[in-house]
Amino acid sequence: MLWAAATLVALVVLYFGSRAWIGEPGLNVVPNPTFDLVIAAPQPDEAMTVLPVRQSETVTLRIRSDRAGEVHVHGYDQNVVVVAGAEVVLTFVAKTAGIYPIHLHERANPADPDSPMAHRQLAVLDVKAQ
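The structure displayed is predicted, hence computed values, not measured ones. (Residues numbered from 1 in each chain as written. Predicted model: local features only at pLDDT ≥ 70, side-chain atom pairs only at ≥ 80, totals over all residues. Heavy atoms only, no water.)

(A) Seen up close, the side chain of Ser-65. Mapping Ser-65 onto the fold places it in strand β4 (residues 58–65). Overall, the relative accessible area of 6% leaves Ser-65 in the buried class. There is a polar contact of 2.6 Å between the side chain of Ser-65 and the backbone oxygen of Arg-67. Beyond its immediate stretch of four places on either side in the chain, Ser-65 contacts Ile-39, Val-82, Val-83, Ala-84, Gly-85 and Ala-86. (Helix = DSSP H or I, 4+ residues; strand = E, 2+ residues; numbered from the N terminus. Buried < 20%, exposed > 50% of the residue type's maximum accessible area, 1.4 Å probe, protein only. Polar contact = N/O pair within 3.5 Å; in protein donor to acceptor, adjacent residues only side chain to side chain. Contact = heavy atoms within 4.5 Å.)

(B) Broad picture of the packing of aromatic side chains. Tallying each qualifying case throughout the model produces 2 aromatic pairs. Relative to Phe-92, the ring of Tyr-76 lies with its centre 5.4 Å away and its plane at 45°, an arrangement referred to as tilted. Taken together, the residues Tyr-76 in the loop between β5 (69–73) and β6 (78–82) and Phe-92 in strand β7 (residues 87–93) connect sequence positions 16 residues apart. For the pair formed by Tyr-76 and Phe-92, the shared burial category is buried. Relative to Tyr-100, the ring of Tyr-76 has its centre 4.8 Å away and its plane inclined at 65°; by these criteria the two rings are edge-to-face. One end of the pair, Tyr-76, is in the loop between β5 and β6; the other, Tyr-100, is in strand β8 (residues 98–107), with 24 residues separating them in the sequence. Judged on exposure class, the residue Tyr-76 and its partner Tyr-100 are both buried. (Phe/Tyr/Trp six-rings, centres within 6.5 Å; stacked < 30°, edge-to-face > 60°.)

(C) Summary view of the sheet that holds strand β9 (residues 117–128). Read from one edge to the other, the open sheet built from 5 strands follows the order β3-β9-β8-β5-β6, with strand pairing classed as mixed. Each edge of the open sheet is held by one strand with a lone partner, namely β3 (50–54) and β6. Ignoring strand direction, the axes of neighbouring strands in this sheet form an average angle of 25°. The pairing of β8 with β9 spans 10 bridges and is classified as antiparallel. (Pairing = 2+ DSSP bridges. Axes fitted to C-alpha atoms, helices over the stretch in contact; angles between N-to-C directions.)

(D) How the structure looks around the pattern of salt bridges. Summed over all chains, the structure comprises 5 salt bridges. Among the ionic pairs, Arg-64 bridges to Glu-87, the shortest N-O distance being 3.7 Å. In this pair, Arg-64 is assigned in strand β4 and Glu-87 in strand β7, connecting sequence segments 23 residues apart. Overall, the relative accessible area of 36% leaves Arg-64 in the partly exposed class. By relative accessible area, which is 45% here, Glu-87 ends up partly exposed. The salt bridge involving Lys-128 is made with Asp-126; its shortest N-O contact spans 3.2 Å. Using a relative accessible area of 26% as the deciding quantity, one classes Lys-128 as partly exposed. Among the residues examined, Asp-126 registers a relative accessible area of 6% and is labelled buried. (Salt bridge = Lys/Arg side-chain N within 4 Å of Asp/Glu carboxyl O.)

(E) Structural view of the pairing of β6. As judged from the 5 bridges shared by β5 and β6, these two strands associate in the antiparallel manner. Each bridged residue has a counterpart across the sheet, and for Val-73 the counterpart in β6 is Gln-78.

(F) Focus on the pairing of β7. Side chains of β7 alternate between two faces, with Val-88, Leu-90 and Phe-92 buried and Glu-87, Val-89, Thr-91 and Val-93 left unburied. Two strands pair when backbone bridges link them, and β4 and β7 are joined in this way by 7 bridges, in the antiparallel orientation. Along β7, the bridge assignment pairs Ile-63 with Val-88.

Here you go:
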């Protein structure tokens, strides 16, 4: 039951770089964007954040968390361990176009190492083809 509650915890996402959808004419897009992800308690009416990038760009995720776990970019098999109160950086090249979920993998009960793993969606990486 705890893991179900943990999966509902949303991500407060603040990111620097372009908030524009890549590919829309007339919009300035920052190459090789850096996104700031803050993992915290859920907020009412929080929407899923889409992180738009272009294929072949270098993507940097600066991640701060109020809990321990591992952030995983599915489809790219990029992982980074997060520790409560610390900032970590994950950098990779967006080689393949598509939409890729970014999850936090954490224990449903952090005090019990045998508790099930919860998968909490943090954001979606939207890689536009060149």
